[in-house]
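These are the residues of each chain, in order.
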Amino acid sequence: MTASPPRAALWLGYAGLLPAAAAAAVLAFGPERLAATAVAAHLIYAAIIASFIGGAWWGLASARADAAMQPRLLAISVVPSLIAWGQAMVGGSVGLVGMGILFAALLPIDTRLTQGGLAPSWWLALRVPLSVGMALLALASGLLLG
């Protein structure tokens, strides 16, 4: 049985979608003069969140993985930061679409961490909507840029 995420994790997690949603809203409804700022803000924020997820994976691997799996999991945990940095450097609609793909691609690792007993039982109940939310917002922003 999957446990519900702690209330604080839910509130803080969903609040974490607000900067990406604000950037997408500026691209959709804001003045043209703010578009470049919104794109940069969205890319930077997405890179920060991807790095945060990688940091969470690092913590789970450090605290709970056995000696045989730990090096592999630690290596995997730096991948979101590196890919996100690359997408931020690419920039524009391509970078945003790449960020959307990255956030979708994080979910199989979250699933493995949960199934392997390294993540809390409520992990996926939190991670799925947040990763899907970040993915959709990044993709929407990328498409709005055209």
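Please refer to the structure placed before this passage.
Here's what I pulled together on the structure shown here. (Residues numbered from 1 in each chain as written. Predicted model: local features only at pLDDT ≥ 70, side-chain atom pairs only at ≥ 80, totals over all residues. Heavy atoms only, no water.)

Further remarks concern the pattern of salt bridges. In the structure shown here, the tally under the stated rule is 1 salt bridge. Note that Arg127 and Asp110 form a salt bridge whose closest N and O atoms lie 3.2 Å from each other. Taken together, the positions of Arg127 in helix α6 (residues 123-145) and Asp110 in helix α5 (residues 92-115) put the pair 17 residues apart, joining distant regions of the chain. Under the relative-accessibility criterion, Asp110 is labelled buried at 0%. (Salt bridge = Lys/Arg side-chain N within 4 Å of Asp/Glu carboxyl O. Helix = DSSP H or I, 4+ residues; strand = E, 2+ residues; numbered from the N terminus. Buried < 20%, exposed > 50% of the residue type's maximum accessible area, 1.4 Å probe, protein only.)

Volume-wise, the largest pocket comes out at about 380 Å³. Forming the walls of the largest pocket are 18 residues, and the residues nearest its centre are Gly13, Phe52, Ile53, Arg127 and Leu130. Among the secondary structure elements, those contributing two or more residues to the lining of the largest pocket are α1 (7-15), α3 (35-64) and α6. Among the elements that take part in the lining of the largest pocket, α3 stands out by supplying 6 residues, more than any other. Per-class residue counts for the lining of the largest pocket are 14 nonpolar, 3 polar and 1 charged. Each pocket or cavity is described by its volume, and for the second largest pocket that value is around 240 Å³. (1 Å grid on protein atoms, 1.4 Å probe; cavity = no way out; pocket = protein on both sides within 12 Å on 5 of 7 lines; lining within 4 Å. Points joined across faces, edges and corners; volume = space filled by probe spheres on them. Nonpolar A, V, L, I, M, F, W, Y, C, P; charged D, E, K, R; others polar.)

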